[in-house]
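Results of the structural survey
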Amino acid sequence: MGSRIRERKSVKKLFECYMEVEPPWGHTSPGSKRNSLVRSPSDPNEWTPIVRAVFPPTFKDQDILKSAAQFAFPCPTNSENVDLFTFVLTSGDSKWTFGYCRHPPHAKKCTLFLSFLPWQEVFYRCLNHCTEAEPAALEHFLVSMYNSAVPEAGTCLYIPTMTKPFIYPCPPELGLPSIPENRNVSEFYNALGTDSMLTLFAAILSERRIVVTSKKLSRLSSVVIACNLFLFPMYWQHIYIPVLPTQLQDYLSAPMPFLIGVPLLVWDRIPSETLGQVVRVDSDSNTVTTPFPEDLSSVPEDVLYHLRKNLAADKVQGDGLARAFLRALAQLMGHYRDAFRDDGNSFDEDLFLNFAHHSHRPYLETKLLRLQIFQQFIDERLESIRNGSSVTDEFELESLAWRSSRANGRNGIPALRNLAGSQNKAIKKAGKAVIMSMRRESGNVIETLKQNSTLKSAIRSVKESGKNVKQKSHVAYSDIKSKFHVPSQMSTLSPHRTSAASEYGHTQLTKTYRRHSGSTSNAQKSIHNGSSRSLQVPIGSDSRLRNSDDNLVHLSSSSSASRLPDTPALGQDGIKTDEQLLSEYGLQDYFAHMNISGDSFSSSNSSGTSHSNTQTPISTPSSTFRSANPRPTSSGWTTFE
């Protein structure tokens, strides 16, 4: 039989007809009380709603109009809110025609669309638009909608109107129904708890006679439609009535499986002895009553474990609720392709059981293989293979994921659960023995490594090499940093801080020199008390030096700038001068821009101009200058002794 929904490509119109129906209990006749029922002339036991309008006028199928009117008012209603619900008409080819109804408060009139498309939210929005439109605008809207082409799934429905166009997105063909976008799934989750969902799902997989009751037509139809959605990739193949009118209550006595939504007013009038064994789902009170408790207990334990876990409140948003049931079906029959034989021309049940998990085989053999919905699924997949078409839906993806997890040794059963109980004490002891043995072996290996002298020397050599590399890199970094250092921050120091820091030799300038001079080995350093050298710095730097004995620097044993006697002085052969360093690193333009070159100092000194405190002294890589008593020379530089 396959899917009961027509393919979208075969649907030529958005809807078949639009109807306005009035309830039979909403009219009075002379001498009768208000809300009395109007009997049909042909059948005194039948309630006959009144069809007030039909569009297009060419629609003349009276049987469909009559059936649609009965489903539009299945029982007396007195809701204070707008009620939107869906019913289904089954044609001779077992295909479904959907009826989308809108009841206003107190249900004095009902408007509905009949369509082959399962686009519930789209037609609900169209019904709201029709209710708010004036008669002329309503007719214009219906004509435009009837003549519009069926849009592609996942695109938008565009209908021109007399004011602004009607635009609404169409549902995609692929994907799972989600919360809160899908009204049916959202209503199902709000109506039933986890235990009720599991019991109902087990009853559906057993193809029981299932009745859903509610006093609200919207909740009633949503729960029934959601039950069929959660069977994907299978479809319910038996009697399927989301909302049962009073005139069709004899269907509840049928001996075959069914899934029927019964309004509470209709259910209360049915004698219980005529029902037989049925599974009743009270969606108003969140209770499921079943005479078949073995349906739930026979479901494999690991399937129920994962299903209950995936039905947690934090995992059902979006398509989480539908995906939870899809994963349960993938666990049970996701390996169905392994049972195909003769290049997909037949299905071998024995292979299907052999490839299944050993804990699933009893349920598959006694339950699943006997289901008509499963046989329909297998026939549909075999037909697609014969036609050369591949099926890539959400079920195939979940089946692939499940088969991959089984190949990696994860069968879905909690490993720790099998270790519980007294029967597994031997396994626990063996596991402890293995762990202790591994610990002893690892300890022996570590001790052997510690006692190996060759390994020790190798490790020591690696450590020493690392220290040498670190020390050399630190010296190289200090040398490069000192060459580029310009002590401009000296001008920002207060006199008090400069004096105090100079007293202990901890100014930034001395630190720079000490980092540079630290590269000299300790063996080459010597102490020469009283020795002095003539050091030259620009005259512009004298304004930054303190005339204080505390800041006077002597190149003695306390100075970090002490040198060996044979070390050449600054400017001699072998030691680069400031200008040479500036030329080497391309910094002439930079320092010329800052007005601290030798020429500027010379010109300013010769002209007799006083030097401002904004000039910046040069810090050479070989020394840092701090003094209190500068002595001018004829060369334009100041010599410190």
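Residues numbered from 1 in each chain as written. Predicted model: local features only at pLDDT ≥ 70, side-chain atom pairs only at ≥ 80, totals over all residues. Heavy atoms only, no water.

Under the annotation held in an unreviewed UniProt entry, the protein carries the name UDENN domain-containing protein and is attributed to Allacma fusca. Quoted verbatim from the Subcellular location (unreviewed entry) field of UniProt, the annotation for the protein is "Cytoplasmic vesicle, Clathrin-coated vesicle". (UniProt positions renumbered as here; feature names shortened; annotations may be inferred.)

The next point concerns the nonpolar core. Formed by 131 residues in total, the largest nonpolar core has its most connected members in F113, F188, L321, F352 and F374. In this view, F352 contacts L332, M333, H335, Y336, A339, F347, L364, L368, L369 and F374; residues no more than four positions away in its chain are not counted. (Core = buried A, V, L, I, M, F, W, Y, C linked by side-chain atoms within 4.5 Å. Buried < 20%, exposed > 50% of the residue type's maximum accessible area, 1.4 Å probe, protein only. Contact = heavy atoms within 4.5 Å.)

Here the focus is the sheet that holds strand β2 (residues 50-55). Strand pairing in a sheet relies on backbone hydrogen bonds, with the paired strands running either antiparallel or parallel. Within the open sheet, the 5 strands sit side by side as β2-β1-β5-β4-β3. Their pairing is antiparallel. In this open sheet, the two strands that pair with only one neighbour each are β2 and β3 (83-90). Between one strand axis and the next, the sheet turns through 25° on average, direction left out of account. Sheet topology note: the strand β1 (residues 17-22)/β2 ladder contains 5 bridges and is antiparallel. Directly across from E22, in β2, lies its bridge partner I50. Across the sheet, helix α1 (residues 62-72) is in contact with β1, β2, β3, β4 (96-103) and β5 (110-115); its angle to β3 comes to roughly 140°. (Pairing = 2+ DSSP bridges. Helix = DSSP H or I, 4+ residues; strand = E, 2+ residues; numbered from the N terminus. Axes fitted to C-alpha atoms, helices over the stretch in contact; angles between N-to-C directions.)

Take the state of the cysteines next. Structurally, a disulfide amounts to a covalent bond that connects the sulfur atoms of two cysteines. In total, this model carries 0 disulfides according to the counting rule given. A disulfide-free cysteine, C126 has its sulfur positioned 6.6 Å from the sulfur of C130, the nearest such atom. Exposure remark for C126: the relative accessible area of 0% places this residue in the buried category. (Disulfide = S-S within 2.5 Å.)

Among the 6 residues of strand β10 (residues 258-263), 6 are classified as buried, and the element is accordingly described as predominantly covered. Covered by surrounding structure in β10 are F258, I260 and V262 together with L259, G261 and P263, the residues of both alternating faces. Here strand β8 (residues 209-214) runs beside β10; their pairing, made up of 6 bridges, is parallel. Residue T213 lies in a different strand from β10, and its bridge partner there is V262.

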